Amino acid sequence: MKKEILINYTPREVRIAILEDKELVEFLIEREDSRRSVGDIYLGQISAVIPGIQAAFVDIGQEKAAFLHVSDVATGSIDPELLDDDEIDLGRRRRRTYAPIESLLKKGQEIVVQVRKEAIGTKGPRISSQLSLPGRYAVLMPNLDHIGISKKVDNRKERQRLRSIVRRYRPKGAAIIVRTAGHGVSSDQIRDDIKHLEKLWNDVRKKVEQATPPAIVHEDVDLTVFALRDLFTDQVDQIIIDSKEEYDRLRSYLKSMAPQLSSRVRLYKEKVPILDYYEIEREIEKTLERKIWLKKGGYIVIEHTEALVSIDVNTGRFTGKRNQEETIFETNLIAAREVVRQLRLRDIGGIIVVDFIDMEKESNRKKVFSEFRQALRKDRSRARVSPISDLGLVEVSRKRVRPSLLHFYSEECPYCTGSGKVLSIESMAMKAEHWIRRIGSLGRERGIQFRVNPILGIYLNDEKEEELHELARKNNLRLEIIKDPRMHREEFGVFSFDGKRDLKTEFV
């Protein structure tokens, strides 16, 4: 499989596209005014401890207080989430017992924390007091005594070699975990990476001693360096970047950290924008669409809700060549791969429910589920998946670190406020009729004035003018319709004919 990373760099925005066999599978974006905060370290102050949910809220200087669960409070044991592990757990999560959070933290207490998940929607960032500083080949975790090797390094001799290197260079009072990228790397390179992380932690400690909460004491690397540190492995054939300045910076970084990979960084020199040249821009636009067409005519529909994301699989225009069961099986097989690609591409996290088309044969169900699991193994984010149910449902829990592309690119509709629906024009016209009858029944007004959204105003004047004025005459009212662009699509004002009194208030 050919793997490429494309970096489109501008002073206000950085976009990174990851391609596998020329197909877009991941897309990362960072803007000047919305820098990624995962990995940043803060000196915060606890603003509240809530025993009922075994969590605390911490003021770290952001708009929303950060959320600290008891499971993320440092207790001297290593957090398994920090192990660079790609295994997909088909069983239940192992339950651990924790001391009551009220015995660990107090309101007003200062605490050093690190952002694990960015603020999403109404939720503030999720943080941990179990700190970790990632390098190219290793992760340093202060105040722990541990040596770990990524589970992706499965060669026994290599694991022993890496463990012996870490024993020689591990700083006192810190845990070191060797990342997957450390596989086959020389002792000197791992040593230099550990020394760099040790110096970085010492700098963080000094800043903590001098800071007053809330204060940021360490910013993680920017998105371009993140691509080199966390994404650029031996499996990546090349990184192509369209900025000469960033190209020079990345080459310099690699020459010191991974010289064997520096030749794979290339400067894009064509006049056509890089993402247009590789036909990526249209793919990015598609990430905001609900409906995704599959090969052979099937399609999937992705719906976001507050609690979960549902994905529905349909045969669409695909009729197949044999029988219905084969058509459904083939559609589900194609959909299984595409669903996983969309999860990665859109960075969808949390709980996902995939509704595959019902299959009669148990063997076909197993094949579709196996295809789905196999595709998930390419995903960098940890995912847990349950077996396909009798109804064809597959439940997935995918680690969420940052808002999905949909949330990043869009905002709540001011008309439907997230429901995806607005009242029809005809329904709004009927509301106007109800108000005419209601005001007319009082017998106190000589006329009525509607102030409406221009779209509704055009409809009322062009399509309903005769009906509304006839209804007004029957109720001894004069009628005036005023278009007001400030009015919501589903609202209108009801006033006395001179426009001075709000008649709606009389019916509250």
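How each quantity is defined
- Residues numbered from 1 in each chain as written.
- Predicted model: local features only at pLDDT ≥ 70, side-chain atom pairs only at ≥ 80, totals over all residues.
- Heavy atoms only, no water.
- Core = buried A, V, L, I, M, F, W, Y, C linked by side-chain atoms within 4.5 Å.
- Buried < 20%, exposed > 50% of the residue type's maximum accessible area, 1.4 Å probe, protein only.
- Helix = DSSP H or I, 4+ residues; strand = E, 2+ residues; numbered from the N terminus.
- Contact = heavy atoms within 4.5 Å.
- 1 Å grid on protein atoms, 1.4 Å probe; cavity = no way out; pocket = protein on both sides within 12 Å on 5 of 7 lines; lining within 4 Å.
- Points joined across faces, edges and corners; volume = space filled by probe spheres on them.
- Nonpolar A, V, L, I, M, F, W, Y, C, P; charged D, E, K, R; others polar.
- Pairing = 2+ DSSP bridges.
- Axes fitted to C-alpha atoms, helices over the stretch in contact; angles between N-to-C directions.
- Parallel < 35°, antiparallel > 145°, perpendicular 65-115°, else oblique.
- Left-handed = near helix turned anticlockwise from the far one by under 90°.
- Polar contact = N/O pair within 3.5 Å; in protein donor to acceptor, adjacent residues only side chain to side chain.

With that settled, the discussion passes to the nonpolar core. In terms of nonpolar packing, the biggest core is built from 47 residues, with I5, I7, I16, I190, L231 and F232 touching the most fellow members. Broken down by element, this core gets its largest block of residues, six residues, from helix α4 (residues 223-231). Among residues more than four places away in sequence, those in contact with L231 are I5, I18, L28, F226, V236 and R380. The next biggest cluster of nonpolar side chains, apart from the first, holds 32 residues, and it includes I328, F329, A335 and F369.

With that settled, consider empty space enclosed by the protein. In total, this model carries two cavities of 30 Å³ or more according to the counting rule given. Here the second largest cavity defines a volume of roughly 30 Å³. Every residue along the wall of the second largest cavity is listed here: I357, D358, M359, R365, I388, S389, D390, L391 and G392. Residues belonging to the lining of the second largest cavity are distributed by class as follows: four nonpolar, two polar and three charged.

Pairing between the strands of a sheet comes from backbone hydrogen bonds, and it takes one of two forms, parallel or antiparallel. Here six strands make up an open sheet; going across it, the order is β16-β17-β18-β19-β21-β20 and the pairing mixed. Two strands lie at the open edges of the sheet, namely β16 (291-293) and β20 (383-385), each paired on one side alone. For this sheet the average axis-to-axis angle between neighbouring strands, irrespective of direction, equals 20 degrees. Here helix α9 (residues 362-376) sits on the sheet and contacts β19 (350-355), β20 and β21 (393-398); the angle it forms with β20, its principal contact strand, is near 170 degrees.

The subject of this paragraph is the packing of helix α8 (residues 324-346) against α9. Where α8 meets α9, the closest approach of the two axes is 8 Å, and the angle between their N-to-C directions is 15 degrees. The angle between α8 and α9 falls in the class roughly parallel. Crossing handedness for the pair α8 and α9: right-handed. For the pair α8 and α9, the contacting residues are E325, F329, N332, L333, A336, R337, V339 and V340 in the first and N364, K367, V368, E371, F372, A375 and L376 in the second. Residues that form the contact of α8 with α9 fall into these classes: nine nonpolar, two polar and four charged.

Let us now look at the environment of Q449. Topologically, Q449 is positioned in strand β22 (residues 447-452). Exposure remark for Q449: the relative accessible area of 5% places this residue in the buried category. Separated by 17 residues in sequence, Q449 and E466 place their C-alpha atoms 16 Å apart. Polar contacts involving the side chain of Q449 include one to the side chain of E480, which spans 3.5 Å.

Next up on the list: the sheet that holds strand β23 (residues 478-483). With mixed pairing, three strands are arranged side by side in an open sheet as β23-β22-β24. Bordering the open sheet on either side are β23 and β24 (492-496), each of which pairs with just one other strand. On average, adjacent strands in this sheet sit at an angle of 20 degrees to one another, irrespective of strand direction. Of the pairings in the sheet, the one linking β22 to β24 comprises five bridges and is antiparallel in character. Each bridged residue has a counterpart across the sheet, and for R451 the counterpart in β24 is G493.

Space inside the second largest pocket adds up to approximately 700 Å³. Along the walls of the second largest pocket sit 27 residues, with E23, K295, R337, E338 and R341 positioned nearest its centre. Listing elements by their share of the lining of the second largest pocket, those giving two or more residues are β3 (23-31), α7 (281-286), β16, α8 and α9. Per-element tally for the lining of the second largest pocket: the top contributor is α8, with nine residues. Residues that form the lining of the second largest pocket fall into these classes: nine nonpolar, three polar and 15 charged.

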